[in-house]
Amino acid sequence: MMPDAEMTNRTSSAPRTPNFAVRRESATSAPFFFGEEARRLFGFLHGAQGQPSRGCGVVLCYPVFHEYWITHRALRQLAQRLAAAGFPTLRFDYSGTGDSWGDCRQASIPAWVSDVGAASRELVSRTGVGKVILVGCRLGASLALLAGKGRYEVVATVLWDPIIEGAVWLDC
C-alpha cells in the first residue's frame, strides 16, 4: 500500500509547503496619488493582465468605517480577478480616509461623490478605456449611484448591499 502525499509530508524531514500559490501583484499594478493638488487621493490600479483590455474598466467604491476593513480583502481579490479577466480596475480611498489626503472631520457625502468621479476620470486617463463600470459596496454603492449620474463614461453601476436608509444605518 502506497502512502498518500499528506502522510508523506508529515513524516518527511522537509518543511511542508501549502497547497495554494501565493499571488504577487503584476508589474502593471501600482499604487499612486491622483486628483486635485489640495486633495490628493490614494489609488491602486490593477492593470489588465494576461489578455488585452476589454475597453472597459472598473472603479471599486469601498464602504467606510468598520465596513471598509471587513470588505477590504474581498474587494482586493475582486480587483485582481477583474484585471486578470481583462478589466483594468482602480481601488481608491476617499478624501479624508485611508491613505488619501485630508482630515476625516472635513469628509462629506458630496466630497466623496466627487472623489468617485475623479477616480473614474483617472481610470480613463491612465488606461485609455472608453467605458467604466462603478462597483460599490454598502455606502460605496450609494456613492457610486450618485456619482454615475450623467457621466458619459459610466455604462453600468453595480450596487452591492447598498445603504438605502442612512438614518437606520447610522443607528446601528
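Reference entry: report on the structure contained in this document. No experiment lies behind these values; they were computed from the predicted model shown. (Residues numbered from 1 in each chain as written. Predicted model: local features only at pLDDT ≥ 70, side-chain atom pairs only at ≥ 80, totals over all residues. Heavy atoms only, no water.)

**Examining the sheet that holds strand E2 (residues 41–46)**
Here is step 1: Spatially, 6 strands are ordered E1-E2-E4-E3-E5-E6 in an open sheet, and the strand pairing comes out mixed. Two strands lie at the open edges of the sheet, namely strand E1 (29–34) and strand E6 (154–160), each paired on one side alone. Between one strand axis and the next, the sheet turns through 20° on average, direction left out of account.
Here is step 2: In the sheet, E2 pairs with strand E4 (residues 89–92) via 4 bridges, with the strands oriented antiparallel. The partner of Phe44 across the bridge, within E4, is Arg91.
Here is step 3: Of the strands in this sheet, strand E3 (56–61), strand E5 (131–137) and E6 touch helix H4 (residues 139–148), which is tilted by about 150° from E5. (Pairing = 2+ DSSP bridges. Helix = DSSP H or I, 4+ residues; strand = E, 2+ residues; numbered from the N terminus. Axes fitted to C-alpha atoms, helices over the stretch in contact; angles between N-to-C directions. Contact = heavy atoms within 4.5 Å.)

**Here we look at the packing of helix H3 (residues 109–127) against H4**
Here is step 1: Axis separation between H3 and H4 bottoms out at 9 Å; the angle between their running directions is 70°. Judged on the interaxial angle alone, H4 and H3 are roughly perpendicular. Between H3 and H4 lies a crossing of right-handed hand. Counting all contacts with H3, which are made through Ile109, Trp112, Val113, Val116 and Gly117, the residues of H4 involved are Leu139, Leu143, Ala144, Leu146 and Ala147.
Here is step 2: Within the contact of H3 with H4, the residues separate by chemical class into 9 nonpolar, 1 polar and no charged. (Parallel < 35°, antiparallel > 145°, perpendicular 65-115°, else oblique. Left-handed = near helix turned anticlockwise from the far one by under 90°. Nonpolar A, V, L, I, M, F, W, Y, C, P; charged D, E, K, R; others polar.)

**Topic: the environment of Pro31**
Here is step 1: Relative to the elements of secondary structure, Pro31 occurs in strand E1.
Here is step 2: For Pro31 and Gly43, which are 12 residues apart along the polypeptide, the C-alpha to C-alpha distance reads 5.7 Å.
Here is step 3: Ignoring any residue separated from it by four or fewer positions in sequence, one finds Pro31 in contact with Phe42, Gly43 and Phe44.

**Topic: the environment of Asp93**
Here is step 1: Mapped onto the fold, Asp93 is located in the loop between E4 and H3.
Here is step 2: Each C-alpha atom, one on Asp93 and one on Val116, is 9.5 Å from the other, the two residues being 23 residues apart in sequence.
Here is step 3: With near-sequence residues (within four places) excluded, Asp93 lies in contact with Leu41, Phe42, Tyr68, Gly98, Asp99 and Ser100.

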